[in-house]
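Survey of secondary and tertiary structure
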Amino acid sequence: MKSMPRLTVALSLLLAGTLAASAQQCGGDFKTFLDGVRQEALAKGMSKAAVDEAIANMQEDPKVLERDRAQGVFAQDWRQFATRMVNGYRLRKGKENLAKYASTFKHVEAETGVPGPVIASFWGLETDYGAVLGNFDTLSALATLAHDCRRPDLFRPHLMAAIELVDKGYLKPSQMRGAWAGEIGQTQLLPEEYVKFGTDEDGNGSINLRTDTPDVLMTTGKYIASLGWRRGEPWLEAVKVPANFPWQRSGLADKEPRSSFAALGVTKADGAPLENDNLSAALLLPMGRSGPAFLAFPNFEIYLAWNKSLTYSLTAAYFATRLDGAAPVDMGQPEPGLSVAETQQLQKRLIALGYDVGGVDGIVGEKTREAVRKEQIRLGLPADGWPTASLLQKL
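About the cut-offs
Residues numbered from 1 in each chain as written. Predicted model: local features only at pLDDT ≥ 70, side-chain atom pairs only at ≥ 80, totals over all residues. Heavy atoms only, no water. Pairing = 2+ DSSP bridges. Helix = DSSP H or I, 4+ residues; strand = E, 2+ residues; numbered from the N terminus. Contact = heavy atoms within 4.5 Å. Axes fitted to C-alpha atoms, helices over the stretch in contact; angles between N-to-C directions. pLDDT = per-residue confidence, 0-100. Buried < 20%, exposed > 50% of the residue type's maximum accessible area, 1.4 Å probe, protein only. Phe/Tyr/Trp six-rings, centres within 6.5 Å; stacked < 30°, edge-to-face > 60°. Parallel < 35°, antiparallel > 145°, perpendicular 65-115°, else oblique. Left-handed = near helix turned anticlockwise from the far one by under 90°. Nonpolar A, V, L, I, M, F, W, Y, C, P; charged D, E, K, R; others polar.

The next point concerns the sheet that holds strand S6 (residues 280–284). Read across the open sheet, the 5 strands follow the order S4-S6-S7-S3-S5; overall the sheet is antiparallel. Either end of the sheet is taken by a strand with one partner, and the two such strands are strand S4 (256–257) and strand S5 (267–268). The pairing of strand S3 (residues 236–240) with strand S7 (residues 294–296) spans 3 bridges and is classified as antiparallel. Residue pairing in the sheet places Leu-236 in a bridge with Ala-296 of S7. Across the face of the sheet, helix H15 (residues 310–323) comes into contact with S3, S6 and S7 while running at roughly 85 degrees to S3.

Shown next, in the form of C-alpha cells:
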C-alpha cells in the first residue's frame, strides 16, 4: 500500500485531534453536544442506525442533576443503616435465590472465584433481586451527566458504552431504564462494565442484565473478579475485642496479620480463637469500641471499589456473611454518635487543625475517622475513631 504524503498525514492527525477535542466538550448548547456525541460514536465504528436510534430521544434531565448535587446518603450510623438494609425479607429472599440458582452460582464461582453470597449481597441491596430497577432513562441520564461539566471524564465513556449496547442489540433505547447515574440491570452496573463483562450465561443469544438472571450473576462475578477478588479468601468476620485492646491499632488504614489480632486477645464472635495466620486484616469499629467489631480482609477492598462509602461497603460485606451462614453481629452498647450538623461542625474543626477529612459533608467517612483517631490519641482518649459529643466539646 502506497504511503500517504507526510503533509497529508499531519493534516489528518490534526483534524482527528480537533474532532476528538470537539467530541469531548461539555457544557454549551445541548444539541451541539449531542452532535459531538454522534460524531464520536460513529468514529468508534457504531452503525448510523443504532447511533441515531440511541440519540433520538436524549434530553437533559434536571432531576438527574438534582440527585447528583444532593448526595447526602449514608449519614445514618452503621447500626441504623445495616439494620434497615439487611432485613428479614432480603435475608430470606437471598437464601431462596442462592438455592434457586445454585448451579449458576457454582459455575460463576468456578469461573471467577467469587462466592454466591457475595454476588447475592449486591443483588439484594442494589435492586431487591431485580424487583426495583429504577425508572430513569439511562441514555438521557448519562447524556445529562456527560454534558454537565462536573464529571464529564467519568460519564462520557459510559454514554458511549450505552450507545454501544444499542449497537450490539443487547437493549433497545426504550428498555434502558435504571438509576439516576446511569447504572442499569439487576446489580446496577454502569454501561462500560456491561459491555466489557457482559456474558450470555443462559445462552439465549443476548446479554440482558435487566431480565436474564444467569447473565446478571456471571457478569457481576466477572466484574467483581476484575476488581481484584482473591479466590478462596474471606472478606469480613465479626469478632469480639477485649476491653484492654490498644484501640489505636484499629481502623481501615492499620492492617496487620490476623495472628497479631489473635495475640492481642481478639476472638471470633462466639469466643473461638482466630486463625493464627498471616492473612492481612484491619479491625473495623463502625460505632466505636462499645459497638460491633469486624476484621476486614483484603477482599473487603472490593466492596470499597464497588462503593466508596464505608457504611454501604461494610453493610454489603456483612450482608454477604449473613447469606453465607454467619450469625447476626452483636451490636453492643455504643456511645451515641453525632448528628449530621454536629458532624459537619466536627469536620470544620478538624480541617482547622490541619486534617484532610474529604469535605464538610456530615458523613463519618474513613478520613474523618482517621482524623478523630489522631485527635483521640493527642487528647489521651481511647483511639477508636468514633466521634462523640464529648470529643466535639474537647476540640
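Our next topic: the confidence of the model for the protein. Of the residues in the protein, 93% have a pLDDT of 70 or more, and the chain-wide mean is 91. When the criterion is pLDDT under 50, residues 1–23 qualifies, and its contacts beyond four places in sequence or with other chains add up to 8 contacts.

Our focus in this paragraph is the pairing of S6. With 4 of 5 residues buried, S6 is to be regarded as a mostly interior element. One ladder, built from 2 bridges, connects S4 with S6; its direction is antiparallel. Within the sheet, the bridge partner assigned to Glu-256 lies in S6 and is Ala-281. Judged from the 3 bridges that link them, S6 and S7 form a sheet pairing that is antiparallel. Paired with Leu-283 across the two strands is Leu-295, which belongs to S7.

Let us now look at the packing of aromatic side chains. Two measures describe an aromatic ring pair: the distance that separates the ring centres and the angle between the ring planes. Inspection of the entire model under this criterion finds 16 aromatic pairs. Here Phe-294 and Tyr-318 contribute two aromatic rings whose centre-to-centre distance is 5.9 Å and whose plane-to-plane angle is 65 degrees, an arrangement assigned as edge-to-face. In this pair, Phe-294 sits in strand S7 while Tyr-318 sits in helix H15, placing the two residues 24 residues apart along the sequence. Phe-294 gets classed as buried once you look at its relative accessible area, which sits at 1%. By relative accessible area, which is 6% here, Tyr-318 ends up buried. Three or more aromatic residues joined by ring pairs form one cluster here, namely Phe-122, Phe-197, Tyr-223, Phe-300, Tyr-303 and Trp-306.

A separate point is the packing of helix H6 (residues 88–100) against helix H8 (residues 116–127). It is the contact of H6 with H8, at a shortest axis distance of 10 Å, that shows an interaxial angle of 130 degrees. In terms of orientation, H6 and H8 fall into the oblique class. Relative to H8, H6 is oriented so that their crossing is right-handed. Together, Arg-90, Asn-97 and Leu-98 of H6 and Gly-116, Pro-117, Ala-120, Trp-123, Gly-124 and Leu-125 of H8 make up the contact between the two elements. For the contact of H6 with H8, the residue count by class is 5 nonpolar, 3 polar and 1 charged.

We now examine the environment of Gly-36. With respect to the helices, strands and loops of the structure, Gly-36 is situated in helix H2 (residues 30–43). With a relative accessible area of 6%, Gly-36 lands in the buried category. For the pair Gly-36 and Ile-163, spaced 127 residues apart in the sequence, the C-alpha separation amounts to 13 Å.

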